[in-house]
Amino acid sequence: QKEVEQDPGPLSVPEGAIVSLNCTYSNSAFQYFMWYRQYSRKGPELLMYTYSSGNKEDGRFTAQVDKSSKYISLFIRDSQPSDSATYLCAMSANSGAGSYQLTFGKGTKLSVIP
Amino acid sequence: TAGITQAPTSQILAAGRSMTLRCTQDMRHNAMYWYRQDLGLGLRLIHYSNTAGTTGKGEVPDGYSVSRANTDDFPLTLASAVPSQTSVYFCASSELAGGLGEQFFGPGTRLTVL
């Protein structure tokens, strides 16, 4: 079993829909959870960063972490065509000697249709 | 601010040839990273550097070498390229060493090894 599992999609939704993107993980040592957005032929860029269980909201985006279930989610409200991208979850754990190793999910490709 | 620049943008390389992918950041970040991104496999860490003068191995280091002579530059060298090294390569940096905090990504280098 991979440490981080993410459904690759593709996911296609109409403009204005609520989108739910999810990742599950097996390593209980993961402490920091992130969502990156990657537009086609570009590098990933950080969208959301959370440390603890619970919800974090930023505009139309909400990140949710459930450590007990080893499950994280990203919700996008009122989705826009400009949200069309690949979304990667990422998590980090202490790998020893003060270093943290970041592990990425494979990414979910989202298309928002006007 | 340029952030992270990578060169070349793309390259076709004959198997057995050597090549250096260049990465430069202007943010004075301590840590730098090299990832490869492959369809179905996601982003995988090749090598990293927590500070100038130090480097470490990531998940897939074989066939690659790095150096970190100064804060700004982190070149990745393929000594003798093989077709399995065909990929998109991303350089990243973070202010915090050891994989903590936001990682900023460059635009990527598309490498094809024939």
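Residues numbered from 1 in each chain as written. Chains lettered and ligands numbered in written order. Predicted model: local features only at pLDDT ≥ 70, side-chain atom pairs only at ≥ 80, totals over all residues. Heavy atoms only, no water.

### Notes on the pattern of salt bridges
Part 1: Throughout the structure, instances matching the rule amount to six salt bridges over all chains.
Part 2: Here A:E57 and A:R77 are joined by a salt bridge, their closest N and O atoms 3.4 Å apart. Placement of the pair is A:E57 in strand β6 (residues 54-58) and A:R77 in the loop between β8 (71-76) and β9 (85-96), with a sequence separation of 20 residues.
Part 3: Counted as one network, the salt bridges with shared partners bring together B:R36, B:D38 and B:R44. (Salt bridge = Lys/Arg side-chain N within 4 Å of Asp/Glu carboxyl O. Helix = DSSP H or I, 4+ residues; strand = E, 2+ residues; numbered from the N terminus.)

### Description of the nonpolar core
Side chains of nonpolar character tend, in soluble globular proteins, to be buried together.
Part 1: Counting residues in hydrophobic clusters, the biggest one holds 24 residues, and the most contacted among them are A:W35, A:I72, A:L74, A:Y87 and A:M91.
Part 2: Broken down by secondary-structure element, the contributors of at least two residues to this core are β3 (19-25), β4 (32-38), β5 (45-50), β7 (61-66), β8, β9 and β11 (108-113) of chain A.
Part 3: With five residues, the single largest contributor to this core is β9(A).
Part 4: Non-local contacts of A:L74, meaning those with residues more than four positions away in its chain, are made with A:V19, A:S20, A:L21, A:W35, A:L47, A:M48, A:F61, A:T62, A:A63 and A:Y87.
Part 5: Grouped together as the second largest cluster of nonpolar side chains are 19 residues, B:I4, B:M19, B:L76 and B:V113 included. (Core = buried A, V, L, I, M, F, W, Y, C linked by side-chain atoms within 4.5 Å. Buried < 20%, exposed > 50% of the residue type's maximum accessible area, 1.4 Å probe, protein only. Contact = heavy atoms within 4.5 Å.)

### Topic: unusual backbone geometry
Apart from glycine, the bulk of residues carry a negative phi angle, and the bulk of peptide bonds sit in the trans form.
Part 1: With an omega of 5°, the peptide bond running from A:G9 to A:P10 counts as cis.
Part 2: You can see A:P10 is positioned in the loop between β1 (4-6) and β2 (11-14).
Part 3: The amide bond that connects B:A7 to the next residue, B:P8, takes the cis arrangement and shows omega of -5°.
Part 4: If you trace the backbone, B:P8 turns up in the loop between β1 (4-7) and β2 (10-13).
Part 5: Despite not being glycine, A:D78 has its phi angle at roughly 45°, a positive value.

### Some remarks on the interface of chain B and chain A
Accessible area lost during the coming together of the parts is what is often quoted as the interface size.
Part 1: Across the contact, 20 residues belong to chain B and 19 residues belong to chain A.
Part 2: Where chain B abuts chain A, roughly 1600 Å² becomes buried across the two surfaces, and 53% of that area is made up of carbon and sulfur atoms.
Part 3: Scanning the region where chain B abuts chain A turns up zero salt bridges.
Part 4: At the level of elements, β4 (31-38) and β5 (42-49) of chain B are the ones that each hand at least two residues to the side of chain B that touches chain A.
Part 5: With three residues, the top contributor of residues to the side of chain B that touches chain A is β5(B).
Part 6: Across the side of chain B that touches chain A, the residue classes break down as eight nonpolar, nine polar and three charged. (Buried area = accessible area lost by both parts, 1.4 Å probe. Nonpolar A, V, L, I, M, F, W, Y, C, P; charged D, E, K, R; others polar.)

### Focus on the sheet that holds β8(A)
Residue and element names in this part refer to chain A.
Part 1: Reading across the sheet, the five strands line up as β1-β3-β8-β7-β6 and stay open at both edges, with antiparallel pairing between neighbours. One side of each edge strand has no neighbouring strand; the edge strands of this open sheet are β1 and β6. Shown here is a sheet whose adjacent strand axes are inclined to one another by a mean of 15°, direction ignored.
Part 2: Bridging between β7 and β8 involves six bridges; their strand directions are antiparallel. Looking at β8, one finds that F61 is bridged to I76. (Pairing = 2+ DSSP bridges. Axes fitted to C-alpha atoms, helices over the stretch in contact; angles between N-to-C directions.)

### Description of the packing of aromatic side chains
Part 1: The tally for this structure, following the rule as stated, stands at twelve aromatic pairs over all chains.
Part 2: Judged by centre distance (5.5 Å) and plane angle (90°), the ring pair of A:F104 and B:Y35 falls under edge-to-face. Separated into two different chains, A:F104 in strand β10 (residues 99-104) and B:Y35 in strand β4 make up a pair that spans both. Here A:F104 and B:Y35 have matching classes, each one buried.
Part 3: Taken together, a centroid distance of 6.3 Å and an interplanar angle of 35° make the contact between B:Y33 and B:Y35 tilted. One exposure class covers both B:Y33 and B:Y35, and it is buried.
Part 4: Site record: aromatic cluster; members linked through ring pairs are A:Y36, A:F104, B:Y33, B:Y35, B:F90 and B:F105.
Part 5: Over the face of the ring belonging to A:Y51 we find A:K67, whose NZ or CZ atom lies 5.2 Å from the ring centre. (Phe/Tyr/Trp six-rings, centres within 6.5 Å; stacked < 30°, edge-to-face > 60°. Lys NZ or Arg CZ within 6 Å of the ring centre and 35° of its normal.)

So far we have only geometry, and geometry alone does not tell us how the molecule works.
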